[in-house]
Amino acid sequence: MLKFLLRRTLTMVATALVLTFVVFWLTNLPPNLEKLAKSEGNARMTDGEVISWLDRNGHAQPLVKRYGEWLGVAPGWTDERDGVTSGRCIARGAAVEDSPRFCGVLQGYWGQSTVFKAPVSEIIATRLSLTGILMFWVMVLMVPSALLIGILAGMREGSKLDRTLSTVSIATTATPEYVSGVILIVVFSSSMVGLKWFKGTATSAMDGITFENFFLPVLTIALYGMGYIARMTRASMSEVMTAQYIRTARLKGASFGRVVMRHALRNALIAPFTVIMLQFPWLLNGVVIVETLFNFKGFGWTLVEAAGNNDIQLLLGCSVVAVVVVLVTQAMSDVGYVLLNPRIRVS
Amino acid sequence: MTDAQTPILEIENLSISFFTRTREIPAVMDFSCKVMPGEAMGLVGESGCGKSTVALGVMRDLGRNGRITGGSIRFKGRDITTMGERELRGLRGREIAMIYQEPMASLNPAMKVGAQLAEVPMIHEKISKADAWARARAIVEDVRLPDPDRILQAWPHQLSGGQQQRIVIAMALMSRPSLLILDEPTTALDVTVEAGIVDLVRDLAEKHGTSMLFISHNLGLVMDVCDRLCVMYSGEAVETGDVVEVFSEMRHPYTQALFRSIPLPGADKSARPLVAIPGNFPLPHERPPGCNFGPRCDYFVAGRCDAQEIPMLPAGGAPRHNSRCIRVDEIDWNAPPALAATAEPTPPGEVVIEASDLRKYYETSPGMFGGGTAKIVKANEQIDFSARAGETLAIVGESGCGKSTLAKVLMGLEVASAGTVTLNGDQIQQLPVEKRGPALISSLQMVFQNPFDTLNPSMTIGAQIIRALEIFQIGDSAADRHERMLNLLDLVKLPREFATRKPRQLSGGQKQRVGIARAFAGEAKVVVADEPVSALDVSVQAAVTDLLMEIQRKNRTTLLFISHDLGIVRYLSDRVLVMYLGHVVEIGTTAEVFSPPFHPYTEALLSAVPVADPRVTRKRIVLQGDIPSAMNPPPGCPFQTRCRWKPLVPGDLCETVVPDLRRLSGGHRVKCHLTDEQLATMEPVIEVAVG
Ligand SMILES: Nc1ncnc2c1ncn2[C@@H]1O[C@H](COP(=O)(O)OP(=O)(O)OP(=O)(O)O)[C@@H](O)[C@H]1O
Ligand code: SF4
Ligand code: SF4
Ligand SMILES: [Mg+2]
């Protein structure tokens, strides 16, 4: 098991490196840098001034070197001009000797956001925790109901219950969040229908969560993921229900409830468990849309802001977090699969 | 006792249909049978005749599209067909228990063995968990599994096939049912394991007075286990009666034909040639009018057999012996079968293929989740044999003994780890098939076990044979190859129209004929046939076997016939090679191998094969335990963990030293430490009473 975890971690780190490098490369393409120069320096810079600004701020170095600096495995650049040494790791006015040689993501230096004028790490921490709360409630709503729907539909394949639930779950996955979100807002919180049960914005949820201000965004994301997980669970459940050992259980005289609970459930949950974990990254997608739609200033909303305003450091920080989330959930799904399935459990 | 008078199970005029979107499939029609207390009833018939459907009908577990359309099933006088769910649940597991084919699939992979066992009395008798586990432990001991505590805590996948089947049996017996239904309980198991399971089932049923409904297509097995027999054909019972009575005085043409198509010991090719049943089994919706067996029956009389539904008639004079044949009293049942022209055995020629000290080791990868070092699986250890032109060498042994690995090495699908394979003087053991030239490929061909997997479903039969000819570079023009293809179809006795058919339009036996045609397309010198008939129905097996032998005789091909069916092996082979755990333990002519002195393993193997002939008495040697894993073979003699002769060998020779393949006489060689004198004390396993 230890060896498996070790190997899993190594591949994970390698993947993370590759992915962040790609993002780094994309965000640091020349046009982006030029925009950066103009927004940081002066909007009316000439091409020559742009080049010298980039040069002075370490952006003219080779891509790999810059990536290394950002990551914190290569020493930060320094630049001596007019007797003043400036550098990546030298804060304005600080002495060269007091500054560290390396300063990158690994050292906890995530850069400065140009939009929010605050350290990226700080922004991400607060925003991510807000999104974490959102995701937590999404999971709380989505997983049990999806599994329940899947199990109920799959235990008697082809029954009326199955057909109804399957239609519902197909409909929910087929509806993108920006459609379902709008529909939900219109139906439950606008004066058009007049129900006005919930609030159409979640801005107030950032200070305190209530059922009223948080239910709609949670539901919007959950609905989308729910249909998919429910269908996977149903497929897995209906397959398990035709297995020989289910017949064995039935012919032992076990009641239908017992057959489902004791014999089918655990076997049927092995496949959806993986799916739930793999679903996580997709939900991040929904987070971007829903947070914007409900004006909930979490991680997704930040990402949109960063991208819209060419905030390179923030964008990079966000992508590191996203990559880590994806890889960790994948690893968890593998480990969970091993734990649930006694056949491949290793001693 | 009045109790003895009421049958445990009484099925009357039972009809069961499956409903598909397009039509109703009548799987069982007008089926009747009666099982008395303590009696074992055998249900035999070819695949698809409705045996399992009857069994599931009794359990009322026919799935969503199956329905009982008529008749009654009475269990201890209560009609099962009209019972409610609750009442049924009380019956299942407690009064009637069922065991079916694949043991691994019948156990829940995510539940410990003990929990699955203990569940039965917990459901039915509401006893405490501790009591239920205690009972489970007792029953695990009853089914003769070693170390019951460990077994109870094990997951199903940690047990071997034989052990799993014992657990399934234990589960069925947990609540002491009065009726046990066994649907092909041992088909997936090796013969020596099967023998142990069958013994166990019989003993336990006797001990608890359990009645049994025993379903099998193996007539010998039914003879071993059952008191009474019911032969089914196409959804109907065609003959019922006492087992010995039916086996010695069969009164239905189908039963007779079935017996004539399986090889029995004590009769050789010329005295009792196999007779295949002509034609095919009718599909349930294509049954002929009148007698279902009519189109394939030698005694068919138009106007009578196809005029009306044939009723069950008393037969043979013995009580409770019935036959569904309208001519039961007219047919001369003792008339010998029409003899097919028997061919003179061909004298073997010079040595064509030879293996010497051949070894094949596999290195198993440590697996996705790591853990431990790579293991070496010794699939073939020290294989020595040679085969001559026109000779049939049978290779027998249980699953995992390395038969198929040997075939793969010969065919070049694997390369040998050590040793040599010589074909016509050339060493080929290191030549993988892609490096073999067309001449070599065409002269060394294979017929596979499963005719379903080896044909390309989207190509016509003709095109596939022509493709083989092209690969072998035979024929110089398309027209020439076409002509040769038609000749090959003639050779395997398929109509020439079949050239334009797709594989799915063919039956299993016909597909296997195409496989044979392809193998012989390049006038192969050596053909390796890996279980060529074991996927086919008994009535078809005989025809395919005969065909294979006929072509072999004509072409003087060397046939390496891999099989676990000792009946067929004895019938058709000239020499036999017995394998165990990758070793050749005995080799010799068929007569030498099948009569004493044997290698101790051969002796056990022969005694494990059930024989469907009441005149044959068979010594039973039930081997203890399972075959050791090839990954972890025992030191010394490979058979030492199960050998009953071992105590005769002085010291720990058997445990420490691998015996030599010692020459006894002529070409008869045995890998055993027993001395000639000790071997000479061995008795025959099978004796045929004269008369
Ligand atoms: N669920 C089903 N739907 C439709 N037809 C079925 C179904 N189950 C069985 N049949 C058909 O009913 C007939 C009898 O099948 P059954 O399984 O009882 O045969 P069997 O004698 O047990 O064969 P085998 O020896 O292969 O186990 C076959 O023609 C089969 O195709
Ligand atoms: S009834 Fe006629 S066709 Fe049927 S088995 Fe008897 S003789 Fe043959
Ligand atoms: S060598 Fe010993 S253990 Fe092996 S078969 Fe002979 S007697 Fe049995
Ligand atoms: Mg069956």
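Residues numbered from 1 in each chain as written. Chains lettered and ligands numbered in written order. Predicted model: local features only at pLDDT ≥ 70, side-chain atom pairs only at ≥ 80, totals over all residues. Heavy atoms only, no water.

K.L.:
Help me get a handle on the pairing of strand 1 (residues 9-19) of chain B, residues and values and all.
P.N.:
Each regular strand shows side chains that alternate between the opposite faces of the sheet. Residues and elements named next belong to chain B. In the sheet, strand 1 pairs with strand 4 (residues 66-75) via eight bridges, with the strands oriented antiparallel. The residue of strand 4 that forms the bridge with Ile11 is Ile73. As judged from the eight bridges shared by strand 1 and strand 2 (residues 24-35), these two strands associate in the antiparallel manner. Bridge assignment links Phe18 to a residue of strand 2, and that residue is Ile25. What sits between strand 1 and strand 2 in their antiparallel hairpin is a turn of four residues. (Pairing = 2+ DSSP bridges. Helix = DSSP H or I, 4+ residues; strand = E, 2+ residues; numbered from the N terminus.)

K.L.:
An account of the interface of chain B and chain A is needed here, citing residue identities and associated values.
P.N.:
In this assembly, 31 residues from chain B lie in contact with 25 residues from chain A. For the chain B and chain A pair, buried surface summed over both sides reaches about 2700 Å², with 56% attributable to carbon and sulfur atoms. Ionic pairing is found between Lys252 of chain A and Glu119 of chain B, a salt bridge with its closest N-O pair at 2.7 Å. One can count 14 residue pairs in polar contact (both at pLDDT 80 or more) joining chain B with chain A. Of all the secondary-structure elements, those providing two or more residues to the side of chain B that touches chain A are helix 1 (51-59), strand 6 (96-100), helix 3 (103-106) and helix 4 (113-124) of chain B. With six residues, helix 4 of chain B is the largest single contributor of residues to the side of chain B that touches chain A. Across the side of chain B that touches chain A, the residue classes tally to 17 nonpolar, nine polar and five charged. (Contact = heavy atoms within 4.5 Å. Buried area = accessible area lost by both parts, 1.4 Å probe. Salt bridge = Lys/Arg side-chain N within 4 Å of Asp/Glu carboxyl O. Polar contact = N/O pair within 3.5 Å; in protein donor to acceptor, adjacent residues only side chain to side chain. Nonpolar A, V, L, I, M, F, W, Y, C, P; charged D, E, K, R; others polar.)

K.L.:
Pulling in residues and values, what's your account of helix 8 (residues 211-241) of chain A?
P.N.:
Taking 1.5 Å per residue as the helical rise, helix 8 of chain A with its 31 residues ought to reach 45 Å, whereas the 38 Å between its terminal C-alpha atoms falls clearly short. At Leu223 of chain A, helix 8 of chain A is bent by approximately 30°, the largest bend along its length. (Expected span 1.5 Å × (residues − 1). Bend = angle between axes of the 7 residues up to and from the residue.)

K.L.:
I'd like a description of the pattern of salt bridges, backed by residues and values.
P.N.:
Residues and elements named next belong to chain B. In this structure the tally under the stated criterion is 41 salt bridges over all chains. We note a salt bridge from Glu12 to Arg74, for which the minimum N-O separation is 3.6 Å. Linking Glu12 in strand 1 with Arg74 in strand 4, this pair joins segments that are 62 residues apart in sequence. Residue classification places Glu12 among the partly exposed residues on the basis of a relative accessible area of 30%. Exposure remark for Arg74: the relative accessible area of 25% places this residue in the partly exposed category. Of the charged contacts in the structure, one is a salt bridge between Glu603 and Lys619, with a shortest N-O distance of 3.9 Å. Of this pair, Glu603 sits in helix 21 (residues 600-608) while Lys619 sits in the loop between strand 23 (616-618) and helix 22 (653-656), and the two are 16 residues apart along the sequence. When its relative accessible area of 1% is taken as the criterion, Glu603 is described as buried. Of the residues examined, Lys619 reaches a relative accessible area of 27% and is grouped as partly exposed. A cluster of three or more residues bridged by salt bridges with shared partners is formed by Asp199, Arg202, Asp224, Arg618 and Arg620. (Buried < 20%, exposed > 50% of the residue type's maximum accessible area, 1.4 Å probe, protein only.)

K.L.:
Before we move on, can you summarise the environment of Ser404 of chain B with the specific residues and values?
P.N.:
Residue and element names in this part refer to chain B. Inspection of the secondary structure assignment puts Ser404 in helix 12 (residues 403-411). Looking at Ser404, the relative accessible area reads 32%, which means it is partly exposed. Between the C-alpha atom of Ser404 and that of Val447, which follows or precedes it by 43 residues, the distance is 12 Å.

K.L.:
Lay out the packing of helix 8 of chain A against helix 10 (residues 256-293) of chain A with the relevant residues and their values.
P.N.:
The relative placement of two packed helices comes down to the angle between their axes together with the axis-to-axis distance. Residue and element names in this part refer to chain A. Contact geometry for helix 8 and helix 10: axes closest at 7 Å, N-to-C directions at 145°. The hand of the helix 8/helix 10 crossing is right-handed. Looking at the contact of helix 8 with helix 10, its residues break down into 21 nonpolar, seven polar and no charged. (Axes fitted to C-alpha atoms, helices over the stretch in contact; angles between N-to-C directions. Left-handed = near helix turned anticlockwise from the far one by under 90°.)

K.L.:
Give a description of the pairing of strand 20 (residues 558-563) of chain B that names residues and reports values.
P.N.:
All names here are of chain B. Within strand 20, six of the six residues are buried, leaving the element largely enclosed by the surrounding structure. Residues Thr558, Leu560 and Ile562 point to one face of strand 20 and Leu559, Phe561 and Ser563 to the other, with burial holding for every one of them. Pairing analysis gives five bridges linking strand 15 (residues 392-396) to strand 20, with the strands arranged parallel. Bridge assignment links Val396 to a residue of strand 20, and that residue is Ser563.

K.L.:
Could you give an account of the nonpolar core, with specific residues and numbers?
P.N.:
Residues and elements named next belong to chain B. Leu489, Ile516, Phe561, Val576 and Val578 are the most contacted members of the largest nonpolar core, which totals 79 residues. In terms of residue count, the dominant contributor to this core is helix 18 (residues 538-555) (six residues). Excluding its chain neighbours within four sequence positions, the residues that come into contact with Phe561 are Thr392, Leu393, Ala394, Ile395, Ala529, Pro532, Leu548, Ile568, Val569 and Leu572. In this structure, Val143, Val168, Ala172 and Val238 belong to the second largest nonpolar core, which totals 64 residues. (Core = buried A, V, L, I, M, F, W, Y, C linked by side-chain atoms within 4.5 Å.)

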